[in-house]
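# Chain and residue survey
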Amino acid sequence: MAPLPISSIRVGKIEDVQELIKSKPNKVPERFIRAANERGGLVSLKTHFHQPIPVIDLSELSKPHTNDDFVFEILKLSQACEDWGFFQVINHGLEVDVVDDIEKVAKEFFEMPLEEKQKYPLEPGTVQGYGQAFIFSEDQKLDWCNMFALGVHPPSIRNPKLWPSKPARFSESLKGYSKEMRKLCKRLLTYIAISLGLKKERFEEMFGEAVQAVRMNYYPPCSSPDLVLGLSPHSDGSALTVLQQSKDSCVGLQILKDNTWVPVLPLPNALVINIGDTVEVLTNGKYKSVEHRAVTNRERERLTIVTFYAPNYEVEIEPMGELVDDETNPCKYRSYNHGDYSYHYVSNKLQGKKSLDFAKILN
Ligand SMILES: COC(=O)C(/C=C/C1=C(C)CCCC1(C)C)=C/O[C@H]1C=C(C)C(=O)O1
Ligand SMILES: O=C(O)CCC(=O)C(=O)O
Ligand SMILES: [Fe+2]
């Protein structure tokens, strides 16, 4: 994926949100204030009474494929992917230490002095480093979030200058965590393949050496949470995304369902999984990527650790032949190179599902 021509990008001053709140401003700076139509939207109250985002129990999927419990959970998975594009997984079998450790080092990273974090700057037009990504103009609104993102795998996408030397355990911890996340993504893709009636290795065989990136999002508290957004609405360009919310995390993630923003209630020891644009294309729209955003809290900070898992940049993407029927289910997306899509994705601001127009066949 070629870098963007950064010289032409003028983004103005991007204030660091953690530093900003230290000065206790009596007003939220204009650059963070969203237009009324952007920050509002109907927010579902249903979640105050029950948890609507499907929950998939991965221990049920470890059972033999002939077992009724396995079949039942696969059906639940297929419904979750088709109706929601989002689900939480429990009993995922990840070592508690690995999950806890990354959360600790991520916290330690964000708590370091600004000068230390600024040794790893996210340059305009790139998506790796500390700062704000997807900002392309001086008048673009900013998210109420500090983020730190790194390409992890294959090693060729790493920018070693951006891997921090402090906290001392950061790199080791991220490598260990990413290894486990990679196994989890591969495993989830086998279940997703089975849920679609495909052979279980179908995604893995097509993806080649999959691309994996991590993004740590730190949302400081905001005195006027209704005026800002923690993270702008977007769908992920990945095939799958895994989101870990820190222990005791408050609600922050919202997903757009039937024109209503539905909050995702954090469950203890669960991970949130979502379908990315790439799986939408590969399944010819049977499983769709879903627009989501993050909101902030008046009193509480929130930390999330997000893994993006996607095919190798060399891979050609198009709807899978098994899921297309010229008569009853014609091809809705064109064929393209995943590296080109990644370039397109990172060259545009986050704007709902707009990035996917790149692939849509418009009739
Ligand atoms: C909100 O989405 C992102 O921040 C994001 C960025 C991912 C990336 C890095 C942090 C470094 C390496 C490149 C890559 C683009 C993967 C989303 O990632 C999605 C977008 C595409 C395309 C993808 O494959 O994952
Ligand atoms: O932090 C969250 O809740 C959402 C993060 C997210 O959607 C992303 O990083 O792509
Ligand atoms: Fe996302």
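Residues numbered from 1 in each chain as written. Chains lettered and ligands numbered in written order. Predicted model: local features only at pLDDT ≥ 70, side-chain atom pairs only at ≥ 80, totals over all residues. Heavy atoms only, no water.

Using the following cut-off: UniProt positions are given in the numbering used here, feature names are shortened, and annotations may be inferred rather than shown by experiment.
As recorded in an unreviewed UniProt entry, the protein goes by Fe2OG dioxygenase domain-containing protein and comes from Brassica oleracea var. oleracea. The UniProt entry for the protein carries the following text under Sequence similarities (unreviewed entry): "Belongs to the iron/ascorbate-dependent oxidoreductase family."

## Focus: the pairing of strand S4 (residues 146-153)
Formally: Accessibility here uses a 1.4 Å probe with only protein chains present; expressed as a share of the type maximum, an area under 20% marks a residue as buried, one over 50% as exposed, and anything in between as partly exposed. Secondary structure follows DSSP: runs of H or I at least 4 residues long count as helices, runs of E at least 2 residues long count as strands, and numbering of each begins at the N terminus. Only strands that DSSP links by at least two bridges are regarded as paired with each other.
The element S4 is extensively covered by neighbouring structure, given that eight of its eight residues are classed as buried. Note: strand S3 (residues 129-131) against S4, three bridges, orientation antiparallel. The partner of Gly129 across the bridge, within S4, is Ala149.

## So, the confidence of the model for the protein
Put simply, the rule reads: Note: pLDDT gives the predictor's confidence per residue, expressed from 0 to 100.
Taken over all residues, the pLDDT of the protein has a mean of 95, while the share at 70 or more is 96%. Scored by ipTM, the complex comes to 0.93, with pTM at 0.96.

## A word on the site of ligand 1
Stated precisely, the cut-off is as follows: Note on definitions. A residue lies near a molecule or strand when any single heavy atom of the residue is within 4 Å of it. Polar contact is defined as a pair of N or O atoms within 3.5 Å, subject to the rule that within protein one atom must be able to donate a hydrogen and the other to accept it, and that residues adjacent in sequence are counted only when both atoms are side-chain atoms. For the area figures, the Shrake-Rupley method with a 1.4 Å probe applies, and any residue is considered shielded solely by the protein chains shown. Three classes are used, and their members are as follows: Ala, Val, Leu, Ile, Met, Phe, Trp, Tyr, Cys and Pro are nonpolar, Asp, Glu, Lys and Arg are charged, and the others, Gly among them, are polar.
Around ligand 1 lies a shell of 16 residues, among which Phe134, Arg215, Ser238, Ala310 and Tyr313 are the nearest. In the model, an oxygen atom of ligand 1 is placed 3.1 Å from a nitrogen or oxygen of the Arg215 side chain. At a separation of 3.4 Å, an oxygen atom of ligand 1 approaches a polar backbone atom of Ser238. When ligand 1 is considered free in solution it has 540 Å² of accessible area, and contact with the protein chains removes 99% of it. When contributions to the shell around ligand 1 are tallied by element, the ones reaching two or more residues are S4, strand S5 (211-219), strand S12 (302-310) and helix H9 (338-346). Residue contributions to the shell around ligand 1 peak at four residues, all from H9. Class assignment for the residues of the shell around ligand 1 results in nine nonpolar, six polar and one charged.

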